[in-house]
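# Coordinate inspection notes
Here is what each chain is made of, one letter per residue.
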Amino acid sequence: MALPELKQSATEARLATLSLPDGGCLEAARAAAVSRVQTLGLPDRRDEYWKYTRPDTLVTADTPSAKVFVSGETPIFDGFDRLKIVFVDGVFDADASDDLSLDGITVERLADVSAKDIHWVKDLYGVLEARGQTPVARPLASLNTAFATDGVVIHVTGKPSKPISLIYKHGDESSDALLHHLIRVETGAEATILENGPAASRFNKVTEIDIADGGTLHHVRAQGRDHERRAATHMFTRLGAESVFKSFTLTVNGVLTRNEQVIELTGDDAVAHVAGACVGDGDFHHDDTVFITHDAVNCESRQVFKKVLRNGATGVFQGKILVKEGAQKTDGYQISQSLLLDDDSQFLAKPELEIYADDVACSHGSTSGAIDEDALFYLRSRGVPHGDATDLLTLSFLAEAVEEIEDEAIAEELVTRLEGWLARRR
Amino acid sequence: MAALDKFEAKEGVDQDTVDAVREISTYKYGWETDIEMEYAPKGVNPDIVRLISGKNEEPEWMTEWRLQAFARWEKLEEPDWAMVTYPKIDFQDQYYYARPKSMEEKPKSLDEVDPKLLATYEKLGIPLKEQMILAGIEGAEDMPAEGRKVAVDAVFDSVSVGTTFQAELKKAGVIFCSISEAIREHPELVKKYLGTVVPVSDNYYATLNSAVFSDGSFVYIPPNTRCPMELSTYFRINAENTGQFERTLIIADKGSYVSYLEGCTAPQRDTAQLHAAVVEIIIEEDAEVKYSTVQNWFPGDEEGKGGIYNFVTKRADCRGDRSKIMWTQVETGSAVTWKYPSCILRGEESQGEFYSIAITNNYQQADTGTKMVHLGKNTKSRIVSKGISAGKAQNTYRGLVSMHPKAKNSRNYTQCDSLLIGSECGAHTVPYIEVKNNSSRVEHEATTSKVDDDQLFYCRQRGMDEEEAVALVVNGFCKEVLQALPMEFAMEAQQLVAISLEGSVG
């Protein structure tokens, strides 16, 4: 089917600004992704899947500029023992990064891998992204597969002693970065991935994650700092039997952030938890879009998303649980809640269930409202000042999401950051 | 169920039992009235629109209104966002107007109506007599006489056959008649309100309806009047290859109250038939409307052949402060349902309620829900939706709750529960929630589960057979909605819940 004229021209204009990197063994995958983009067309405001978030600035041929924010604050996770991998405006910085060798894990640069002819990467690159195009198109991810200029390939074969930390620095006010990472977790292996940093003026990132039977992956991400930045990120995760995937994202600031999580439970007894907390102020726009497919027996999925919004900030949640025929004994849970601190902010949600198996227990809940006056009164009557009481209630509202993080030290670090954010707005 | 027709009772089983079983396991209303009909030529075009308008003896402005709608419809595309699939409808391959020959000369009173038509409604359990008691309702005799009267407007294919209790209603100042009569007799009211809630080009099917609607009901309740009895419209599709397009317009003036019931059935046929209705309700200050539907169009057979495509637009506009609308629907029929009774809560402190049971079995598909658009301050809405899916059916709840920036201190509570019976059916929930101020509170809850084994076991243990047990559990699941129905409907609905699930167990 031919694309509508405007979509066609917008897609062509964007494609014209990009050139295919040297493909090596990924050449075919990149070429296929280009044709996916051409068939699907890049998103525009008429797309149902973009009903609540305007994709214009994520698609335009020109990169919208974003000021680099400089502060004296130590970046998040700085005090942690971790394996640092640094990207500046989407380009790997070897000098700032640690030595990439660590027991139980192999880390390579995408460019180095694609030069080799035989590699497991060849069978994964673009594969999960392509699977994730149905039933809903995610053309920005295909654009990434085709044109990603950098990224890392992480092979988890054991239990590395420290987390792998991906740090995205922003240096150029009009940088347009496309990063593509691949993570494969082998049977019985377990690792933690951390991500943080503003990355670029416009950031398009895809992570494809393949977790073999019995593998475990923890993921914690903090998106913050530069207010004018824009980001569209996709994580495509496939889970084998008895595997575990737990992901948490904290977002503060950012004029436009869309985080898509596409998760497929393909082996029995697998577990996937995705959670997110965001705090937004002013022209902040944050969109969590989650699509979880249950295609095996006795799997569990959990989505917990909390948004605190003020001064006209917008929070979006689109979450879907799809239970395929035969995926019996599914346990699916989803909650999305927003706390609107003033009258100008808005929360837009579309929590969906699509279920084709009868022996399941799926539920979703969504609420929106202001701070509970009774709780506020209770604290005030016990001598807690108004500002402190509001912050306390805000933090306790976010707690349910933060508690999804298993590592207590990491969770504590995030809470500290949230406290700082709230304190600065008093 | 052909097998049952040949069924011979075992010794010791009496014939009444066999008859009872036969009766409840089939679609009761699948028979056809053999009556001479008059059709407009097949297809739809401006000439047909003019013809329908002419048959209803409409004034020029109405014909013009219809023609404009038709011109708009030609430019629109059929929507495809609902989770339903059906073969492409050939809009030119059906009749848009069919009326019994005997209705050519409009009967002046019910006594003049063709006995065959009266017999049809008698058989459906809706006798068109101004009697005190609705037939077939046990226990109704014991109720006070005042509470039992129901005025009925009976629509047969494209025309209204008759309306009962008109004289008595007139005394109270209530106008209850067919819409075609209202266009002739009360043009000022129709002109003022028609198309103000569902605009002509609102959506594909509403636009088609605006062009070709043939009849329907009209209700006007004057200020500070409590309608002395329940009003009801009964829609019957009889003719083959004919679409039914009815239009209902209800106006509740300041401080008035009315309870309105709607029922519908159609004969059993192999080919699908189209039904595209529009219902508009205007509710002024302090007025209240209760609108209840038991939708029991022919759902198609066990192989999914035939049935009604039910594409309906229903909307209530709570214009006045403290106005209230309550939608209650029991959707058990139709092969495909596409229906979202909505509430525009414009007046301050206005209230909208939506209670729904949608049951799908065999190959039925239902995509139904509501829209609660909060525009005024202190508005309240409540949604309780129960979807039950059995056989190979698909059941979707689709809804919108929208809190506009000016709708301060508003409140919404939504609960959608789905129940799955069998491993080949589907149950889906697609809610949209848009909150644009912080003094409003929105809560949404949804669950999907199967019939609880423990509950079934408990019933079975006490001697119920499996189908009875499922029906009981399902009735319990639907309780909140069944309780919102007027008494006459609640009984029928409870029976329907059991019938619709017949054959879905095991």
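Within each chain, residue numbers correspond to sequence positions counted from 1 in written order. All chains are assigned letters beginning at A, and all ligands numbers beginning at 1, according to the order in which they are written. The predicted nature of this model means local features are confined to residues of pLDDT at least 70 and side-chain atom pairs, given and counted, to a pLDDT of 80 or more, with totals for whole chains, interfaces and linings taken over all residues.

It is worth spelling out the overall build of chain B at this point. What chain B contains, in helices and strands, is 13 helices and 24 strands. Taking all contacts inside chain B whose residues are at least 6 apart in sequence as the whole, residues at least 24 apart take part in 82%. Numbering of helices and strands runs from the N terminus; a helix is a DSSP stretch of H or I covering at least four residues, while a strand is a stretch of E covering at least two. Placing a C-beta atom from the backbone of each residue, one calls two residues in contact when those atoms lie within 7 Å.

All names here are of chain B. Viewed as axis vectors pointing N to C, helix H10 (residues 453-461) and helix H11 (residues 466-477) meet at an angle of 130°, and their least axial separation amounts to 9 Å. As the angle between them shows, H10 and H11 are arranged oblique. Viewed along their axes, H10 and H11 form a crossing whose handedness is right-handed. Note on element contacts: H11 touches H10 through Glu466, Ala469, Val470, Leu472 and Val473, opposite Gln455, Leu456, Cys459 and Arg460. Within the contact of H10 with H11, the residues separate by chemical class into 6 nonpolar, 1 polar and 2 charged. Every angle, taken between N-to-C directions, lies between 0 and 180 degrees, and every axis is a line fitted to C-alpha atoms, over only the stretch in contact when it is a helix. Orientation labels follow simple angle bins: below 35 degrees gives roughly parallel, above 145 gives roughly antiparallel, 65 to 115 gives roughly perpendicular, and whatever is left gives oblique. Helix crossings fall into two classes, left-handed where the near helix is turned counterclockwise from the far one by less than a right angle and right-handed where it is turned clockwise. We call Asp, Glu, Lys and Arg charged. Ala, Val, Leu, Ile, Met, Phe, Trp, Tyr, Cys and Pro are nonpolar, and the rest, Gly among them, are polar.

Glancing now at the nonpolar core. Counting residues in hydrophobic clusters, the biggest one holds 251 residues, and the most contacted among them are Val219, Ile281 and Val289 of chain B. Residues within four places of isoleucine 281 of chain B in sequence aside, it is in contact with Val197, Ile250, Val289, Tyr291, Ala316, Asp317 and Ile325 of chain B. One nonpolar core equals one set of buried Ala, Val, Leu, Ile, Met, Phe, Trp, Tyr and Cys residues connected by C-beta atoms within 7 Å. The exposure scheme places C-beta atoms from the backbone and then counts, for each residue, the other C-beta atoms within 10 Å of its own, assigning buried at 20 or more, exposed at 12 or fewer, and partly exposed in between.

Okay, the interface of chain B and chain A next. Of the residues lining the interface, 28 residues belong to chain B; the matching set on chain A comes to 30 residues. At the level of secondary structure, the elements contributing two or more residues to the side of chain B that touches chain A comprise strand S22 (411-421), strand S23 (426-435) and strand S24 (441-450) of chain B. One requirement defines pairing of two strands: DSSP has to find at least two bridges between them. Relative to S23 of chain B, strand S18 (residues 346-355) of chain A is paired through 6 bridges, and the arrangement is antiparallel. Its bridge partner being in S23 of chain B, leucine 348 of chain A is matched across the sheet by glutamate 434 of chain B.

Right, let's get into the environment of isoleucine 292 of chain A. Residue and element names in this part refer to chain A. Mapped onto the secondary structure, isoleucine 292 falls in strand S14 (residues 285-294). Owing to 24 C-beta atoms within 10 Å, isoleucine 292 belongs among the buried residues under this scheme. For isoleucine 292 and aspartate 343, which are 51 residues apart along the polypeptide, the C-alpha to C-alpha distance reads 33 Å. Those residues within four positions of isoleucine 292 in sequence are excluded, and the remaining contacts are Ile263, Ala272, Ser301, Lys320, Ile321 and Leu322.

A few words now on the pairing of strand S6 (residues 176-185) of chain A. As a general feature of sheets, a regular strand has side chains that alternate between the two faces. Residues and elements named next belong to chain A. Of all the 10 residues making up S6, 10 are buried; the element is thus mostly covered by neighbouring parts of the structure. In the sheet, strand S4 (residues 152-156) pairs with S6 via 4 bridges, with the strands oriented parallel. Within S6, the position partnered with valine 153 by the bridge is leucine 182. With 10 bridges connecting them, S6 and strand S8 (residues 202-211) associate as parallel partners. By the bridge assignment, leucine 179 is partnered in S8 with lysine 205.

To continue, consider the environment of lysine 28 of chain B. You can see lysine 28 of chain B is positioned in the loop between helix H2 (15-24) and strand S1 (37-39). Note: C-alpha distance between lysine 28 of chain B and glutamate 188 of chain B (160 residues apart in sequence) is 41 Å.

Attention shifts here to the environment of glutamine 303 of chain A. Residue and element names in this part refer to chain A. By secondary structure assignment, the location of glutamine 303 is in strand S15 (residues 300-310). The exposure class of glutamine 303 is buried, given the 27 C-beta atoms found within 10 Å. Considering only alpha carbons, one finds glutamine 303 and valine 402, 99 residues apart in sequence, at a separation of 12 Å. Non-local contacts of glutamine 303, meaning those with residues more than four positions away in its chain, are made with Val274, Val290, Gly319, Gln334 and Ile335.

Residues and elements named next belong to chain A. Counting buried residues along helix H6 (residues 139-147), 9 of its 9 residues qualify, which places the element largely inside the surrounding structure. Those residues of H6 that sit buried are Pro139, Leu140, Ala141, Ser142, Leu143, Asn144, Thr145, Ala146 and Phe147. Contacts from the buried residues of H6 go to helix H2 (27-40), helix H3 (56-59), helix H5 (127-131), S6, S8 and strand S10 (230-239).

A word on the confidence of the model for chain B. Residues and elements named next belong to chain B. Averaged over chain B, the pLDDT score is 86; the fraction of residues at 70 or greater is 90%. Each residue carries a pLDDT score, the predictor's own confidence in it, on a scale running from 0 to 100. Confidence over residues 21-25 falls short of pLDDT 50; this stretch has 7 contacts with residues more than four positions distant or in other chains. Here the prediction assigns the complex a pTM of 0.89, and the interface score ipTM is 0.89.

Looking now at the packing of helix H8 (residues 386-402) of chain A against helix H9 (residues 408-424) of chain A. All names here are of chain A. Orientation of H8 relative to H9, taken along the N-to-C sense of each, is 150°, at an axis distance of 11 Å. Judged on the interaxial angle alone, H9 and H8 are roughly antiparallel. Every pair of crossing elements has a handedness; the one defined by H8 and H9 is right-handed. Contacts from Asp391, Thr394, Leu395, Leu398 and Val402 of H8 reach H9 at Ala411, Leu414, Val415, Leu418, Glu419 and Leu422. A per-class count over the contact of H8 with H9 returns 8 nonpolar, 1 polar and 2 charged.

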